[in-house]
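# A structural walkthrough
Residues per chain, in single letters:
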Amino acid sequence: MSEETSIRAGRRLPDGFIIGTGTSAHQIEGAWNVDGKGESIWDRIVHDRPEKVADGTNADVACDSYHFYKQDVKIIKELGFDFYRFSISWSRVLPTGEAHIVNDLGVEYYNNLIDELLENNIQPMVTMYHWDLPQRLQDLGGWLNPMMADYFRDYARLLFDLFGKRVKWWNTINEPAMVAVGYGNASMAPCINLFGYGEYLAAHHLLIAHAKAYRVYDQEFRATQQGRVTIALDTMYHFPKTDSKEDLEAAERAMQFQLGWFADPIYGSHGDYPPAMREYIDRASKKEGRVKSVLPTFTPEEVKLIKGSCDFFGFQHYTSCQVSDDPEGNFQPWYTHKYMNISYSDCKSGKRSHIAWLNVVPEGFRNSLKWIKDRYGNPEVIVTECGYGDWKEYDGLEDDDRIHYYQTYLEEMMKAIVEDGCQIRGFAAWSLLDNYEWFEGLRSTFGIVHVDYSSPERKRTPKKSAKFFQSLIARRTL
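Rules used in this analysis
- Residues numbered from 1 in each chain as written.
- Predicted model: local features only at pLDDT ≥ 70, side-chain atom pairs only at ≥ 80, totals over all residues.
- Heavy atoms only, no water.
- UniProt positions renumbered as here; feature names shortened; annotations may be inferred.
- Helix = DSSP H or I, 4+ residues; strand = E, 2+ residues; numbered from the N terminus.
- Buried < 20%, exposed > 50% of the residue type's maximum accessible area, 1.4 Å probe, protein only.
- Contact = heavy atoms within 4.5 Å.
- Pairing = 2+ DSSP bridges.
- Axes fitted to C-alpha atoms, helices over the stretch in contact; angles between N-to-C directions.
- Polar contact = N/O pair within 3.5 Å; in protein donor to acceptor, adjacent residues only side chain to side chain.
- Parallel < 35°, antiparallel > 145°, perpendicular 65-115°, else oblique.
- Left-handed = near helix turned anticlockwise from the far one by under 90°.
- Nonpolar A, V, L, I, M, F, W, Y, C, P; charged D, E, K, R; others polar.
- Salt bridge = Lys/Arg side-chain N within 4 Å of Asp/Glu carboxyl O.

The name recorded for the protein chain in an unreviewed UniProt entry is Beta-glucosidase 3, from Lygus lineolaris. The protein chain has a UniProt comment under Subunit (unreviewed entry) that states "Homodimer." We quote the UniProt Sequence similarities (unreviewed entry) comment for the protein chain here in full: "Belongs to the glycosyl hydrolase 1 family."

Right, here's the structure in full:
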């Protein structure tokens, strides 16, 4: 097959397409109370409430990348990745969360990591906030406190000042919908059970925080640093259970509630939450006898601040689910006011992970990318997370199921590029390492590199899927 034919067939990656891999600070760094690092909400909750973690473990050491980051960079280089997406621990740099108390040893760690990456021709892509809020700021109310937007702005300014001459790719907040859910139910830290209104208030402040960080970059750093800033948004694709009008509308409503929740105010033309959210939440609030809707309203100044506050669309996707309309609006803990039923087990799927929510549905990836194109005017997209996990007893070095996942999902991504005209410029595999998977602990594994948690040095061994990416990057062809 010639190169031209390969491109037309959707097999060869477009020129300039970048491939990377990613991790997050809490999941890999360890050294949770070392060298001046402050306590985060995840440190607090896994120590105070260890019963919430499926296997009773914590991330005190994790992959110990705080001490073994050079090994990580060596593996990234050997596999040929163009970029490495990692997060900065807010409380490692600012132990109290406030910008006037800087931990020099924490700054030194990230300086060393960034320098090591650049010396090995790997571009750093930095996430400012990947869920690990400093506990001192949570004591002030966390993301329920409107002042959090200013604390985050000051933190972002410090990061731009410290690292921006070398870092050209920035994600402000990772999966803000998941952060917000931590204020609506007990499924994510800080496990504040204010279901039905806490998540909406937290989300509102997260959007304002992101936008303030973006505007700081625009006003103070962009002219000299010439980097790019986004927020990393996620969604499942929601397939309708039937072709009925009600289920089709429920599936579209689900996309608006999950991805549109944060994308509409930033990328949309109307500068507000999605119409489905406004309609259903306002109506439910009235039905509940509330004086005003639990979905906040943006001021004209906030609309101007938030609208357009991204340089590209950071998108994260793992799986899909099936949706049916529920006119009664029965309680589902992850789906406030949506009036729908969500099912993972009934979703069309070939291979399945043993993780209950993770169906292998590659066409859902393409559909999600096309949904972004159609709704937001075909923005430039970088897939900042996508990956396959399983329980560790079913995973191993010969991880053919993971390879199948990546092969089929990348094929659907190429269809989105070639056939649908989506502007997708990059892809990051999640994750580099078998790391600490939040309340699943060490029970589930998403890495393309195995980590031996019984060894003091946390020995790393590339899996077969790592070789898959090494070959893909070398050939640039699926």
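Further notes follow.
### Here's the deal with the environment of Val449
By the element assignment, Val449 lies in strand 14 (residues 449–451). When its relative accessible area of 0% is taken as the criterion, Val449 is described as buried. The contacts of Val449, once residues within four sequence positions are left out, are Ile75, Leu432, Leu433, Asp434, Arg460, Thr461, Pro462 and Lys463.

### A few points about the sheet that holds strand 4 (residues 169–174)
Strand order in this closed barrel of eight strands is 1-2-3-4-5-7-10-12, and the pairing throughout is parallel. Across this sheet, the average inter-strand angle for adjacent strands is 25°, counted without regard to direction. The sheet contact formed by strand 10 (residues 381–385) and strand 12 (residues 424–430) spans three bridges and is parallel. Along strand 12, the bridge assignment pairs Val381 with Ile424. Helix 8 (residues 148–163) rests against strand 3 (123–129), strand 4 and strand 5 (228–234) of the sheet, and its axis sits at about 160° to strand 3.

### A look at the sheet that holds strand 6 (residues 237–240)
What the three strands build is an open sheet, ordered 6-8-9; its pairing is mixed. At either margin of the open sheet sits one strand with a lone partner, and together these are strand 6 and strand 9 (340–343). Geometrically, the sheet is characterised by an average inter-axis angle of 35° between neighbouring strands, direction not taken into account. One ladder, built from four bridges, connects strand 8 (residues 320–325) with strand 9; its direction is antiparallel. The partner of Gln322 across the bridge, within strand 9, is Ser343. Lying on the sheet, helix 11 (residues 245–267) is in contact with strand 6, strand 8 and strand 9; it crosses strand 8 at an angle near 125°. Across the sheet, helix 14 (residues 362–376) is in contact with strand 6 and strand 8; its angle to strand 6 comes to roughly 105°.

### Describing the side chain of Ser431
Among the structural elements, Ser431 can be located in the loop between strand 12 and strand 13 (444–445). A polar side-chain atom of Ser431 sits 2.6 Å from the main-chain carbonyl oxygen of Leu433. Those residues in contact with Ser431 that lie beyond four places of it in its chain are Thr21, Gly22, Tyr406, Phe446, Gly447 and Ile448.

### Comments concerning the packing of helix 14 against helix 15 (residues 400–418)
In contact at an axis separation of 8 Å, helix 14 and helix 15 are set at 30° when each is read in the N-to-C sense. Between helix 14 and helix 15, the interaxial angle falls into the category roughly parallel. Here helix 14 and helix 15 pass one another in a crossing that is right-handed. Contacts from Pro362, Glu363, Phe365, Arg366 and Leu369 of helix 14 reach helix 15 at Thr408, Tyr409, Glu412, Met413, Lys415 and Ala416. Looking at side-chain class alone, the contact of helix 14 with helix 15 contains six nonpolar, one polar and four charged residues.

### Brief notes about the pattern of salt bridges
Opposite charge on two side chains allows them to pair when their charged atoms are near. Under the definition given, this model contains 36 salt bridges. A salt bridge links Arg85 to Glu385; the nearest nitrogen and oxygen atoms lie 3.1 Å apart. Here the residue Arg85 occupies a position in strand 2 (residues 83–87), and Glu385 occupies one in strand 10, the gap between them amounting to 300 residues. With a closest N to O distance of 2.8 Å, Asp115 and Arg166 form a salt bridge.

### Digging into the side chain of Arg278
The residue Arg278 is located in helix 12 (residues 275–287) in this model. In terms of polar contacts, Arg278 uses its side chain to reach the backbone carbonyl oxygen of Leu295, at 3.2 Å.

### So, unusual backbone geometry
Trans is the common state for peptide bonds, and a negative phi is the common state for residues other than glycine. The peptide bond linking Ala189 to Pro190 adopts the cis configuration, its omega dihedral lying at 10°. Mapped onto the secondary structure, Pro190 falls in the loop between helix 9 (176–181) and helix 10 (198–225). Residue Ser431 is reached from Trp430 by a cis peptide bond, and omega for that bond is 5°. Positive phi, normally seen in glycine, also occurs at Asp64, with a value near 55°. With respect to the helices and strands, the residue Asp64 is situated in the loop between helix 3 (41–48) and helix 4 (65–79). According to the relative accessible area criterion, Asp64 is buried, its value standing at 10%. A positive phi angle, close to 60°, is found at Cys191, a residue other than glycine. Residue placement: Cys191 occurs in the loop between helix 9 and helix 10.

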